[in-house]
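The residues making up each chain are set out below.
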Amino acid sequence: MNAAQLPSVAPEVTATLVEGLSPRLRKRLDGAVTKLAARPAHRDGDTTTIEVDDETELRLHAPGGVVARAEDITCGCLLAPACVHRAAAACAAPAADLAPEPAGQATPEAPGPASATAPAAAPGPDAARAPGLDVAPASGPALVPVTGLAADAASGPGTVPAPGPADAASGLAPDAVSPPETASPDQSAAADVLWAAGAAVLEAGVDGAGAVTQSALLRAAHTARLRHLPRAAGAALSVVTLLRAARAGDPSYRTADLVTALAELLGTAHRVGTASGAELAAVRGRVRRPYSPDGSLRLYGLFTEPVVTDSGHGGVRTWVAGADGRLFTVGDVAPGGVGRALGVADRAVRLGDSALTHRELGRAGLAVSGATVSPDGRLGAGKAVKAVTARGAAWTEPPLAALWETPPTEQAARALRSTSRYADPDGTGSDLLFLDVELLGAVREPAGACLLAQCEGGVRVRLTVADDDPALAHRDNLTLLAAAPGTRLRIIGRLVPATHPRLTLLACSHPTGDGTVDLGLDRLRRADLPDPSAPAHFAPPQPAGPGASSPLYLLERRVEQTVPAGRAALGLLGDVTAETRRIRRGGLPTAAALLTALCASAGRRDRDLFGRLLPADTDGFAGYWLAAARYTAAVSESLCATAWNAQREDPATVPPTPSGTPPRRTGPRASGRVPGAHGRDAG
């Protein structure tokens, strides 16, 4: 049995079952989860049955695919319902998504879009300066955990701003100015519980964060949802999901993902007590992604990309642009993996009465009336939406050509704001870049070869595959393009935050023919290259980027080491003077101070008057860890932005830029054909 065979279980159900166990059974819970995972299971309608042993069966009743009540998990053993099997089954099953909030109790929304500036838990606005420019803590090396980490929290919760000129002009007295909304006592209490649950994970590490610790997170997430804090509740569920993946040895698990989820949980929980007004609305978040009416839209297809998730889902996402340049997506993703992704590409899109497949929509157009759009640009497919096929546009024709007219540095800055790990989600912006490039050849990297290209201003960007699955065409197409140095292409890629310009390559104009290539779905052949007989060309070694020698990784490494092993393991490191000295020489005094404070807090254990060890200060350590995690993220994003702005070559030696120049022999795409792609119509 694996977790995918079990229905999702509501967080409050898992928490209730675990909390109902006796202390003796709680100690056996992790072992029971492991044993249960090895037992056979089968599903019959809404009921999943697990054979605990030859005589005992465990049943999970999930109407609608979700176990919503503790009574829906039943066991046939003699100790039921107080047995460990019910709780073990709930812990082994995936955690269900948050249920919608009760009607009439929606989370208040901000009057305007949420700010996507530096995260609140970062050391301050100076953390995102250019590489080599750093600031020491304003109050000296001694850092205070949590309190004072955010510039926007300096005034404290509930502080009323002084009346400005507008207030005076309106004739309102200072007492008549309404103070900004702050969190309620219930919300602050729920945030405190979330903080404590997240700090407990840092204290124990992955190895020690078993079912009981996860249950505390699930209970905290449920309470936060009831208190209208869906953003923090969602972060807690993400932490639980990643903890389970790590403990199960899931090959798709990455420690960096759990670091990000934990920092999001702790940072959001901390900000609940300090935010006010519009910022508080962003910190609260929203349960749903509401679709709002957008009238009539004239859409032009850009490309289609396959989507394969670590959870076993597969499908496609087709990108289209409006007449005003806005980007929208039409997706179809469901359980099925890479096989489903390849099949869905040739199915009709679920939008109005259109009979276009996803491949065809990526090269054609749509006229939509009654359109509904989510904040992140997804097009709704409601009954009132009407859509008919219309003429598409080539990438060199308006309105699509305008997407390639923005300078690469500005596009990178916009995409970096969209991909920022801890920025308040505002539903705007995109992580896609639209570039005119000249291919230079392949570059060898430890993880495999990537493609080097040069875009406007002499900036050299590395193009990598979006997915290495051999069933998809990404890797084969990239290898072929490496054999065509000097070819000019118009490309679409997704920003990869790094210390050098880097994109995952998603689509490009055809190297020698008309039309475009969806690089995950269409397969190029050697006959499609300008010189079919040319071997793969490797570009000469490239100079290191402006942030390649940054010692920031010394702090990042300690932040990541905490997650799998817990606070105690970090406390055993001993003296870190040599590392902090190296960090200071690299121009990062704040990073050095954070590393010193983090390691000191990890190893600090006070004693009482009788010499007995007191409990560790888990809250203090969590505060230092959060500051370090947010700081490294802010500096990394700054290094990425600087890399895109850096001019690595003398302008006099840079060949004429291809920006604004149409790719060779690229014309209108009315036919939508890609010569050489499987020898058939790629549309």
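Up top is the structure.
The present account deals with the structure reproduced in this document.

### Some words on the sheet that holds strand S2 (residues 41–44)
- With respect to topology, four strands assemble into an open sheet ordered S2-S3-S4-S6, the strand pairing being antiparallel. The open sheet is flanked by S2 and strand S6 (73–75), the only strands paired with a single partner. Each neighbouring strand pair of the sheet contributes to a mean axis angle of 20 degrees, computed without reference to strand direction.
- Set on the sheet, helix H3 (residues 84–92) makes contact with strand S4 (57–61) and S6; between it and S6 the angle comes to about 140 degrees.

### Observations regarding the pattern of salt bridges
- Tallied over the full model, the rule gives 30 salt bridges.
- For Arg 363, the salt bridge identified is with Asp 522, shortest N-O distance 2.7 Å. Of the two residues, Arg 363 is situated in the loop between helix H11 (358–361) and strand S10 (365–373) and Asp 522 in the loop between strand S17 (516–518) and helix H14 (552–565); the sequence distance between them amounts to 159 residues. The pair formed by Arg 363 and Asp 522 is uniform in burial state, with each residue classed as buried.
- Among the ionic pairs, Asp 476 bridges to Arg 523, the shortest N-O distance being 2.6 Å. Here the residue Asp 476 occupies a position in helix H13 (residues 474–481), and Arg 523 occupies one in the loop between S17 and H14, the gap between them amounting to 47 residues.
- Given the relative accessible area of 21%, Arg 523 is considered partly exposed.
- If you follow the salt bridges from partner to partner, you end up with Asp 346, Arg 359, Arg 363, Asp 518 and Asp 522 in one network.

### Topic: the packing of helix H8 (residues 255–272) against H14
- Where H8 contacts H14, the axes come no closer than 9 Å and their chain directions differ by 90 degrees. On the basis of their axis angle, the class for H8 and H14 is roughly perpendicular. Across from Thr 255, Ala 256, Leu 258, Val 259 and Leu 262 in H8, the residues of H14 making contact are Val 559, Glu 560, Val 563 and Pro 564.
- Tallied by class, the residues present in the contact of H8 with H14 amount to seven nonpolar, one polar and one charged.

### Brief notes about helix H12 (residues 408–419)
- Spanning twelve residues, H12 covers 16 Å between terminal C-alpha atoms, matching the ideal 16 Å at 1.5 Å per step.
- Looking at the buried residues of H12, the elements they touch are strand S12 (432–443), strand S15 (488–495) and helix H18 (618–645).

Conventions used here
- Residues numbered from 1 in each chain as written.
- Predicted model: local features only at pLDDT ≥ 70, side-chain atom pairs only at ≥ 80, totals over all residues.
- Heavy atoms only, no water.
- Pairing = 2+ DSSP bridges.
- Helix = DSSP H or I, 4+ residues; strand = E, 2+ residues; numbered from the N terminus.
- Axes fitted to C-alpha atoms, helices over the stretch in contact; angles between N-to-C directions.
- Contact = heavy atoms within 4.5 Å.
- Salt bridge = Lys/Arg side-chain N within 4 Å of Asp/Glu carboxyl O.
- Buried < 20%, exposed > 50% of the residue type's maximum accessible area, 1.4 Å probe, protein only.
- Parallel < 35°, antiparallel > 145°, perpendicular 65-115°, else oblique.
- Nonpolar A, V, L, I, M, F, W, Y, C, P; charged D, E, K, R; others polar.
- Expected span 1.5 Å × (residues − 1).

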